[in-house]
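# Observations on the model geometry
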Amino acid sequence: MTGPRLLLRGAAIGDTTADSGLVHLQGQAIYIRDGLIAWYGPEAKLPSGLRPDQEIELGARLVTPGLVDCHTHLVYAGKRVGDFVHRLAGSRYEEISSGGGGIASTVAATRAASEEALFEGAKARLERMSGYGATTVEIKSGYGLDARTEEKILRVARRLGGIGIAEVRTTFLGAHAMPPGYQRSKEDYLREMAEEVLPRLISEGLVDAVDAFCAEIAFGTKELEIYYLAAKRLGLPVKAHLDQLTETGGGALLARMGAASADHLEYSGTETIAELASAGTVAVLLPGAYYFLRESRAPDVATLRAAGVPMAVATDHNPGTSPLESLPLAMNMACLLFGLTPAEALRGATANAARALGLADRGAIAKGMRADLAVWDADTPAELSYNIGFSPLHSTFVKGAICREDSRRTDANERT
Ligand code: NIG
Ligand code: FE
């Protein structure tokens, strides 16, 4: 692919280093060729002989790696305002689920929705996420729980990746819950998903990774073993929603599977964390769900940090437990509710989130990386974790293409 050669001038680069420190460099230029960062450095040291098709003056704006939202359930129909009201009146998430609300109600609405309606709903959300700086968004299935609807969701997710708002990575979440009315056992259901449904979805090019909800109200580690083994045999990275509501002891299974990520982890103890560390698994922290469910137990960030487990931050966007679209707000919550530093939050939404998706080509500003960038009207990288309910985003670049510009702000700048 050969896009235009772009030279971004007057950039302040905000990035993170492997030891989670913040990098903040003024007076930088970034040269983009073939959708990749071909060069970056002080403008004063710009190599001679660059032949950009277009130069863009950023006026000292902050440029960070494009944000990576590595955990969302973006494609669904219906809302769960009723669940929200019941929870405010004192019901627990588990009670609402067993009473026919929860995941089952979103499954019913998603099965009934047309592919076009699902696409339009998710496209609007993706556009808003892009407006908060996301350039890569992972999308899980899991609101179908039958072959036809899981495929419908993943087809919509793939289509969303093709419209130039953000790159989309797809995850099969057949093991999200038992399908309502299913007569046979959990093992039978997972075997069917892993051995019949998954291979077909893969052959259609619809799946990049495989996820499961490891919880008392969903699936246990013994049942999940066959499901994960099938995914591994088919060459896909695996991940899990782990220890969101209680401790499950699933860390050992995930470590054995070499899981790319373990997500939530509110109830994970020291042993689970050591298992994740041994497998190089990324801990994906989802403060939106913690906040929305009014959880009181936060993931043990101090132990994750001490064990050297890379921490990512994501929105977990879904209608039931985290109707959150702003990754910067998730970063803010990760700092205030979970105790991350702003540097850890930024790394969590860039380099470590990319790693949770098995993507080594993005998440940092470096030569040879994809030119996925977010440009902000912000003075320092820590400021991205500071705002609440407001995004200072100016524009994003996805693989070197400008895919969003806030026209109001551009107009205002042109007037000055
Ligand atoms: O990540 N925990 C399971 N899955 C979602 C919630 C899904 C739902 O309630 O619709 C989550 O929080
Ligand atoms: Fe989730």
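What you see is a predicted model; the values in this text were computed from it and never measured.

So, how was this worked out
- Residues numbered from 1 in each chain as written.
- Chains lettered and ligands numbered in written order.
- Predicted model: local features only at pLDDT ≥ 70, side-chain atom pairs only at ≥ 80, totals over all residues.
- Heavy atoms only, no water.
- Pairing = 2+ DSSP bridges.
- Helix = DSSP H or I, 4+ residues; strand = E, 2+ residues; numbered from the N terminus.
- Axes fitted to C-alpha atoms, helices over the stretch in contact; angles between N-to-C directions.
- Contact = heavy atoms within 4.5 Å.
- Near = heavy atom within 4 Å.
- Polar contact = N/O pair within 3.5 Å; in protein donor to acceptor, adjacent residues only side chain to side chain.
- Areas by Shrake-Rupley, 256 points an atom, 1.4 Å probe, with all protein chains shown as cover.
- Nonpolar A, V, L, I, M, F, W, Y, C, P; charged D, E, K, R; others polar.
- Donors = N, O, S within 2.8 Å, 3.2 Å for Na, K, Ca; no water.
- Buried < 20%, exposed > 50% of the residue type's maximum accessible area, 1.4 Å probe, protein only.
- Phe/Tyr/Trp six-rings, centres within 6.5 Å; stacked < 30°, edge-to-face > 60°.
- Lys NZ or Arg CZ within 6 Å of the ring centre and 35° of its normal.
- Disulfide = S-S within 2.5 Å.
- Arc of directions from axis to C-beta.
- Domains from an automatic or database assignment.
- Buried area = accessible area lost by both parts, 1.4 Å probe.
- Salt bridge = Lys/Arg side-chain N within 4 Å of Asp/Glu carboxyl O.
- Parallel < 35°, antiparallel > 145°, perpendicular 65-115°, else oblique.
- Core = buried A, V, L, I, M, F, W, Y, C linked by side-chain atoms within 4.5 Å.

With that settled, consider the sheet that holds strand β5 (residues 67-69). Strand order in the open sheet formed by 8 strands is β5-β6-β7-β8-β9-β10-β11-β12, with parallel pairing between adjacent strands. Here the strands that pair on one side only, and so sit at the sheet edges, are β5 and β12 (311-313). Ignoring which end each strand starts from, the neighbouring axes of this sheet average 25 degrees apart. Two elements, strand β6 (residues 134-140) and strand β7 (residues 167-175), share 5 bridges in a ladder whose sense is parallel. Looking across to β7, one finds that glutamate 138 is bridged to arginine 169. The strands that helix α5 (residues 147-161) touches are β6 and β7; relative to β7, the one it contacts most, it runs at about 170 degrees.

On to the site of ligand 1, then. Every one of the 14 residues lining ligand 1 counts as a neighbour, but Arg80, Tyr93, Tyr143, Gln244 and Thr321 are closest to it. One of the side-chain N or O atoms of histidine 241 is found 3.1 Å from an oxygen atom in ligand 1. If ligand 1 stood free it would expose 320 Å²; the protein chains cover 100% of that surface. Across the shell around ligand 1, the residue classes break down as 4 nonpolar, 8 polar and 2 charged.

With that settled, the discussion passes to the coordination of the iron ion (ligand 2). Protein-derived ligands of the iron ion (ligand 2) are His71 (NE2), His73 (NE2), His241 (NE2) and Asp316 (OD), with the metal-ligand distances lying across 2.1 to 2.3 Å. On the primary sequence, the residues serving as donors to the iron ion (ligand 2) are separated as H-x1-H-x167-H-x74-D. Taken together, the residues histidine 73 in the loop between β5 and α1 (81-88) and aspartate 316 in the loop between β12 and α12 (327-338) connect sequence positions 243 residues apart. Comparing histidine 73 with aspartate 316, the two get one shared label, buried.

With that out of the way, let us pick up the packing of aromatic side chains. Applying the stated criterion across every chain, the model contains 7 aromatic pairs. Judged by centre distance (6.3 Å) and plane angle (75 degrees), the rings of tyrosine 76 and tyrosine 143 are edge-to-face. Of this pair, tyrosine 76 sits in the loop between β5 and α1 while tyrosine 143 sits in the loop between β6 and α5, placing them 67 residues apart in sequence. Of the two residues, tyrosine 76 and tyrosine 143, both sit in the buried class. Ring geometry for tyrosine 189 and phenylalanine 219: centres 6.1 Å apart, planes at 15 degrees, overall stacked. Taken as a pair, tyrosine 189 in helix α6 (residues 186-203) and phenylalanine 219 in the loop between β8 (209-214) and α7 (221-233) lie far apart in primary sequence, 30 residues in all. You'll find tyrosine 189 and phenylalanine 219 in the same group, each marked buried. Arginine 125 extends its terminal NZ or CZ atom over the ring of tyrosine 76, reaching a point 3.8 Å from the ring centre. Across the ring face of phenylalanine 119, the terminal group of arginine 159 is positioned such that the distance to the ring centre comes to 3.7 Å.

Turning our eyes to something else, we now look at the state of the cysteines. Counting across every chain of the model gives 0 disulfides. No disulfide involves cysteine 214; its nearest neighbouring cysteine sulfur is the one of cysteine 70, lying 18 Å away. Between cysteine 403, a free cysteine, and cysteine 70, which holds the nearest cysteine sulfur, the sulfur-to-sulfur gap is 19 Å. Here cysteine 403 falls in the partly exposed class, since its relative accessible area comes to 23%.

Let us look at helix α9 (residues 270-279). For α9, the set of buried residues is Thr272, Ile273, Glu275 and Leu276. Buried positions in α9, seen along its axis, are confined to an arc of 160 degrees and lie on one side of it. When the buried face of α9 is taken as reference, the exposed residues oriented beyond 90 degrees from it are Thr270, Glu271 and Ser278. Two residues or fewer past α9, glycine 280 is found with a positive phi of approximately 70 degrees.

Attention shifts here to the domain arrangement of the chain. Domain assignment breaks the chain into domain 1 (6-65 + 365-415) and domain 2 (67-356). In this structure, domain 1 and domain 2 have C-alpha centres spaced 30 Å apart. Contacts between the two partners involve 29 residues from domain 1, matched on the other side by 24 residues from domain 2. When the two sides are added together, the surface that domain 1 and domain 2 hide from each other amounts to roughly 1900 Å², 61% of it contributed by carbon and sulfur. Applying the counting rule to domain 1 against domain 2 returns 1 salt bridge. The residue arginine 370 makes a salt bridge to glutamate 167 at a minimum N-O spacing of 3.3 Å. The tally of links between domain 1 and domain 2 comes to 6 residue pairs in polar contact (both at pLDDT 80 or more).

The N-to-C vectors of α6 and α7 enclose an angle of 5 degrees; their axes lie 8 Å apart at closest approach. If you check the angle between α6 and α7, you find them roughly parallel. Residues Lys186, Glu187, Leu190, Arg191, Met193, Ala194 and Leu198 of α6 pack against Glu223, Leu224, Ile226, Tyr227, Ala230 and Ala231 of α7. Class assignment for the residues of the contact of α6 with α7 results in 9 nonpolar, no polar and 4 charged.

Take the nonpolar core next. Among the nonpolar cores identified, the biggest contains 93 residues, and Leu160, Phe172, Val207, Val210, Leu224, Tyr227 and Tyr228 are the most heavily contacted of them. The element that contributes the greatest number of residues to this core is α12, accounting for 8 residues. Counting residues domain by domain, this core receives three or more from each of domain 1 (6-65 + 365-415) and domain 2 (67-356). In contact with leucine 160, other than residues within four places in its own chain, are Val75, Phe119, Ala122, Lys123, Leu126, Ile139, Ala166 and Val168. The next biggest cluster of nonpolar side chains, apart from the first, holds 15 residues, and it includes Leu8, Ile32, Ala371 and Leu373.

Structurally, the position occupied by glutamate 55 is in strand β4 (residues 54-65). Overall, the relative accessible area of 46% leaves glutamate 55 in the partly exposed class. For the pair glutamate 55 and leucine 8, spaced 47 residues apart in sequence, the C-alpha separation works out to 5.9 Å.

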